[in-house]
Amino acid sequence: MGKTNAGRFFEDYRIGQVIRHAVPRTVAEGERALYHALYPARHALYSSDEFAARCGLESSPIDDLIAFHVVFGKTVPDVSLNAVANLGYAEGRWRLPVWPGDTLRSESEVIGLKENSNGKSGVVYVRTRGYNQMDEVVLDYVRWVMVRKGDLSAPAPETVVPELKTVVPPEDLLIPEELDFTEYDFELAGEPHRWGDYAVGEKIDHVDGVTIEEAEHMLATRLWQNTAKVHFDATFREDGRRLIYGGHVISLARALSFNGLANAQMIVALNGGAHANPCFAGDTVRAWSEVLDKAETDAPGVGAIRLRLVAVKHGAEPFTLRGADGKYAPEVLLDLDYWALMPL
Amino acid sequence: MGKTNAGRFFEDYRIGQVIRHAVPRTVAEGERALYHALYPARHALYSSDEFAARCGLESSPIDDLIAFHVVFGKTVPDVSLNAVANLGYAEGRWRLPVWPGDTLRSESEVIGLKENSNGKSGVVYVRTRGYNQMDEVVLDYVRWVMVRKGDLSAPAPETVVPELKTVVPPEDLLIPEELDFTEYDFELAGEPHRWGDYAVGEKIDHVDGVTIEEAEHMLATRLWQNTAKVHFDATFREDGRRLIYGGHVISLARALSFNGLANAQMIVALNGGAHANPCFAGDTVRAWSEVLDKAETDAPGVGAIRLRLVAVKHGAEPFTLRGADGKYAPEVLLDLDYWALMPL
Amino acid sequence: MGKTNAGRFFEDYRIGQVIRHAVPRTVAEGERALYHALYPARHALYSSDEFAARCGLESSPIDDLIAFHVVFGKTVPDVSLNAVANLGYAEGRWRLPVWPGDTLRSESEVIGLKENSNGKSGVVYVRTRGYNQMDEVVLDYVRWVMVRKGDLSAPAPETVVPELKTVVPPEDLLIPEELDFTEYDFELAGEPHRWGDYAVGEKIDHVDGVTIEEAEHMLATRLWQNTAKVHFDATFREDGRRLIYGGHVISLARALSFNGLANAQMIVALNGGAHANPCFAGDTVRAWSEVLDKAETDAPGVGAIRLRLVAVKHGAEPFTLRGADGKYAPEVLLDLDYWALMPL
């Protein structure tokens, strides 16, 4: 037993500690193809080298969410093996595109600690950075999780709760230098709606649904080298069900949002997110979006749009989010808040 | 709702209209690997760069049916979202090989319209062309579908039914310029049977069977960016079953036909085809072929063979096709008529 | 029926016969991505081009077990189509890394024949060699299978049972010339345990479990072009179950062994192996290892470790192997004996 990883417990984290996560990963065309097999992904910038070239890029980058999942997956053995709950995300920014052939690795810095009053667990805040093979940061985000204590007698650390922005300000968004939407081909992209056609407060029902299979979410979760037992081992939970990785629902909902948001091409910031209820195989997932904000950018032809992306289970009324008690309705799986780039 | 694609209805089509379909797609080695995971594909020309080089090609092309599925998939949001039935194919020709790294897009021209006597739907004939990034046509075919009317009061268009060839004449087959089977290695290809060994009228039972899983047909159908709801959403049909994309059955049957037709390497024409009965997960699919015709070609060592490929469900008698009433037997899933190239 | 492959029967084999197996296969990044989706594979040398470069290699090689499965898969139509049982492996050596873009093919030489006393079947021993496109042997191993007789009146051949080493001697291990573990990054590799930290006789419980789905083992088995009916056709066995390819269990167990053996990077020899009991979809597979031996090598920083890798079904007691009767316990799926390379 001494050779295997038992994971870190709450008392093992220290403010300022930097954890260099294991197993770098080269991502290439194979991951791109699998992403398109696992999700109904159709955003043209990630589907076609030609389309990407017309937008100023050298070729089609690796999907933003592949980058997120790979960077996130590496943190699991060090951050969430003994986690009770994934509580939130903030201040996520995509800083550089990831290209086929790039090798990604992750580091997390502990930026907050707060023991729970029950003395049995605590909240750990980490800022995770994804690096490419040139040691450039391609992505960073803050995540906080509730982690069990291994030794209940360990003293509580001094409470440090980081001040986190509830939204990444539009002036902090990082846009690839070459990106240029002035020659954008709306017809090839699939929809005529440009940035100016969306109004703050507008809601879009993305119409389509996908019924999830065990094989699919496991293929995806393994591909990102996320090894949390609960996703793979039907004997782990008493009910014999495998919990679906929250990121699988993110990617599925994002892909479904093509229908109505085909031109919200590039994800540049993750303002926040909640995995409101667990998702299991057999669930049919639908999605809706709300335009939360809009902003101009300096890049030619490029506007920013802040979107709420909500994934719900089949049977939910249109635009279901919270009940009268202010809590997420039971059919809500995901409530994600992000910035995307869209042609003007 | 105004932002999402409701699809075209019968009254939205006009003769001569050209629809430029959305979301170009770069296909590469990842798609090749997935094709081999999804189907028991073993035709050597598409499995080995070395084998392809010995046949005069620069490397192993992308499977002909990947090209077909990708080109077809793009037409779905514009042609078959409100389709009631996929009625037929004709005059399909593969014009150029697709190479790893190529980017495909599709256009469809409306070449026929015929409103049904019930006034509720009509038949739309389109000629679909698949283009690569040099705007060369790699594939074209005619397809006709029955499409619902959205506005029942819309007037019927003038009836235009295109004259379609029931078979692509052998002299119209397009063979890659470099293709040369004179150094063909039958041992590595898997079978000794050459073009001269097949007789018109000969039938071959391909022996093997594959039981289909939901995850597999959905992975495949998504990979071709075919978004028809009925393939993915178990809540869509009253019986809770997901209808399997007809192209999945085509690829499965073609791969099974290796056993007996290992040397029918390259598909060059689609003369016709019918998805005779729906296919569902759990079905065990088998296949048989009949040699319909043979023709010589100008390419060195290359003969053409016209084949009927029939996919049936487990339990069908050998060579089941039609009942006494002339209709397809209920176990028949697919009846496809194509030309392939084979070493002399 | 005359065109399809009925497979070889026991009486069809001759000592010294060399069978050149069909369908060469080019393996590349797509297969690498799929391998990571199908198995929880995390060994850094096969995950990251950067990590591999730091170990002296030009890039990340194709996983050793991909090479094994591809080479093995090609032998199935010629060796095991009419096999009753896969009896054993011996003298397996990985001779050269396989790189993305390489094309693999296989040949098998019949080195032993022994008819069973019942006169209905016999044991065939073959030495299978996998070649790359330069006709270099990348892998070879001996395998013996029990094969049915097709013609029960065929005379028994002279019995020849090859003398096989029970273990590949460490001095015979072939290590890639460039391999150098002196700059090995244990943190990125995922565990601090080096060659010196493992003791002969030590056992490691790899903790994690994976519940197997039909779609997954079929995707994998097809990817290696292994066409044995019993893996794909639910109508083949009376109980309606599809038998899982033994190699799927090997790869799954090897990937699970990361947790405790993250630094056992490269497989260089297969000393022996038994598929102790059949595996079916729905089984939850766990793994444990035992250190059987250790040896030094001439390569800088590189030690060799001989490991027993055992895959068991959920519910097995820790380190389950054999019952009091000396037979494998019913929960044991696999007992594999191999040499791996590990940093000193």
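Before reading on, note that the structure itself is shown above.
Not measured: the values here are computed from a predicted model.

Peer 1: Got a minute to help me understand helix H6 (residues 246-256) of chain B in this structure?
Peer 2: Residues that lie three or four places apart on an α-helix share one face, since the helix turns once every 3.6 residues. With 11 of 11 residues buried, H6(B) lies mostly within the body of the structure. For H6(B), the complete set of buried residues consists of B:Gly246, B:Gly247, B:His248, B:Val249, B:Ile250, B:Ser251, B:Leu252, B:Ala253, B:Arg254, B:Ala255 and B:Leu256.

Peer 1: Explain the interface of chain A and chain C to me, please; I cannot follow it from the model alone.
Peer 2: Quoted interface sizes are often the accessible area lost when the parts come together. At the interface, 35 residues of chain A touch 46 residues of chain C. Here chain A and chain C share an interface that buries about 3300 Å² over both sides, 57% of which is from carbon and sulfur atoms. For chain A, the biggest contributors to the area lost against chain C are A:Lys3, A:Arg20 and A:Arg222; these three give 24% of the whole. In this structure, the connection of chain A to chain C is made through seven salt bridges. The residue C:Glu213 makes a salt bridge to A:Arg242 at a minimum N-O spacing of 2.7 Å. Mapped onto the side of chain A that touches chain C, the elements with two or more residues apiece are strand E2 (25-26), helix H1 (29-38), strand E4 (103-115) and helix H5 (214-223) of chain A. Element by element, the count of residues in the side of chain A that touches chain C is highest for H5(A), at six residues. Looking at the side of chain A that touches chain C residue by residue, the class counts come to 13 nonpolar, 11 polar and 11 charged.

Peer 1: Hey, could you run me through the side chain of C:Ser257 in this one?
Peer 2: With respect to the element layout, C:Ser257 can be found in the loop between helix H6 (246-256) and helix H7 (258-261). With sequence-adjacent residues up to four places away left out, C:Ser257 is seen in contact with C:His43, C:His206, C:Ala262, C:Ser289, C:Leu309 and C:Tyr338.

Peer 1: Looking at this model, I keep getting lost on the nonpolar core. Mind explaining?
Peer 2: Looking at soluble globular proteins, one finds that nonpolar side chains tend to be buried together. With 186 residues, the main nonpolar core has A:Phe68, A:Trp224, B:Phe68, B:Trp224, C:Phe68 and C:Trp224 as its most contacted residues. If sequence neighbours within four positions are ignored, B:Trp224 has contacts with B:Tyr35, B:Tyr39, B:Ile66, B:His69, B:Val70, B:Gly73 and B:Tyr245.

Peer 1: What is the right way to read the interface of chain B and chain A from this model?
Peer 2: Contact with chain B, which involves 35 residues of that partner, is made by 46 residues of chain A. Here chain B and chain A share an interface that buries about 3300 Å² over both sides, 57% of which is from carbon and sulfur atoms. Of all residues in chain B, B:Lys3, B:Arg20 and B:Arg222 give up the largest surface area on contact with chain A, accounting jointly for 24% of the area buried on that side. Counting across the interface, chain B meets chain A through seven salt bridges.

Peer 1: I tried to follow the relation of the copies chain A and chain C on my own but got confused; where do I start?
Peer 2: Taken together, a rotation about one axis and a shift along it account for how the two chain copies relate. Expressed as a screw operation, the relation of chain A to chain C combines 0.0 Å of axial shift with a rotation of 120°, fitting to an RMSD of 0.0 Å. The operation mapping one copy onto its partner corresponds to a three-fold rotation axis. Taking C-alpha positions as the reference, the residue of chain A nearest the rotation axis is A:Gly30, at 2.3 Å. Looking at the interface residues of chain A, only 14% of them are also at the interface in chain C, so each copy uses its own face.

Peer 1: I keep staring at the pattern of salt bridges and nothing clicks. Help me out?
Peer 2: Side chains that differ in charge, positive against negative, can pair when their charged atoms come close. All told, the structure shown has 72 salt bridges over all chains when counted by the stated rule. Notably, a salt bridge pairs A:Asp233 with C:Arg286, separated by 2.8 Å at the nearest N-O pair. With A:Asp233 in the loop between H5 and helix H6 (246-256) and C:Arg286 in strand E10 (residues 284-296), the pair connects residues from two separate chains. Exposure class is identical for A:Asp233 and C:Arg286. Each is buried. Through salt bridges that share partners, A:Arg20, C:Arg54, C:Asp185 and C:Glu187 make up one connected network.

Peer 1: I would appreciate a short explanation of the pairing of strand E12 (residues 332-343) of chain C in the present structure.
Peer 2: On any regular strand, side chains alternate: one points to one face of the sheet, the next to the other face. All names here are of chain C. Where burial is concerned, most of E12 is hidden: 12 out of the 12 residues are buried. Sheet topology places strand E11 (residues 302-313) next to E12; 11 bridges connect them, and they run antiparallel. Following the sheet pairing, Leu307 is matched in E12 by Tyr338.

Conventions and cut-offs
- Residues take numbers from 1 onward in each chain, read along the sequence in its written order.
- Working convention: letters from A go to chains and numbers from 1 go to ligands, in the order in which they are written.
- With the structure being a predicted model, the display of local features is reserved for residues of pLDDT at least 70 and the display and counting of side-chain atom pairs for 80 or more, all residues being used for whole-chain, interface and lining totals.
- For the side-chain quantities, the full set of heavy atoms in the structure was used; hydrogens and water were omitted.
- Buried, partly exposed and exposed residues are distinguished by accessible area as a fraction of the type maximum, computed with a 1.4 Å probe on protein chains only: under 20%, between the cut-offs, and over 50%, respectively.
- Only DSSP runs of H or I with at least four residues qualify as helices, and only runs of E with at least two residues qualify as strands; both kinds are numbered from the N terminus onward.
- Contacts: residue pairs with any heavy atoms within 4.5 Å of one another.
- Accessible area that two parts lose when put together, with a 1.4 Å probe and added across both, is what the buried area reports.
- Whenever Lys or Arg places a side-chain nitrogen within 4 Å of a carboxyl oxygen from Asp or Glu, that contact is recorded as a salt bridge.
- Residues are sorted three ways: Asp, Glu, Lys and Arg are charged, Ala, Val, Leu, Ile, Met, Phe, Trp, Tyr, Cys and Pro are nonpolar, and all the rest, Gly among them, are polar.
- Working definition of a nonpolar core: buried Ala, Val, Leu, Ile, Met, Phe, Trp, Tyr and Cys residues. They are joined through side-chain atoms within 4.5 Å.
- Residues reaching a pLDDT of at least 70 in both copies supply the C-alpha atoms on which the copies are superposed by least squares.
- Should DSSP find at least two bridges between two strands, the strands are taken to pair.

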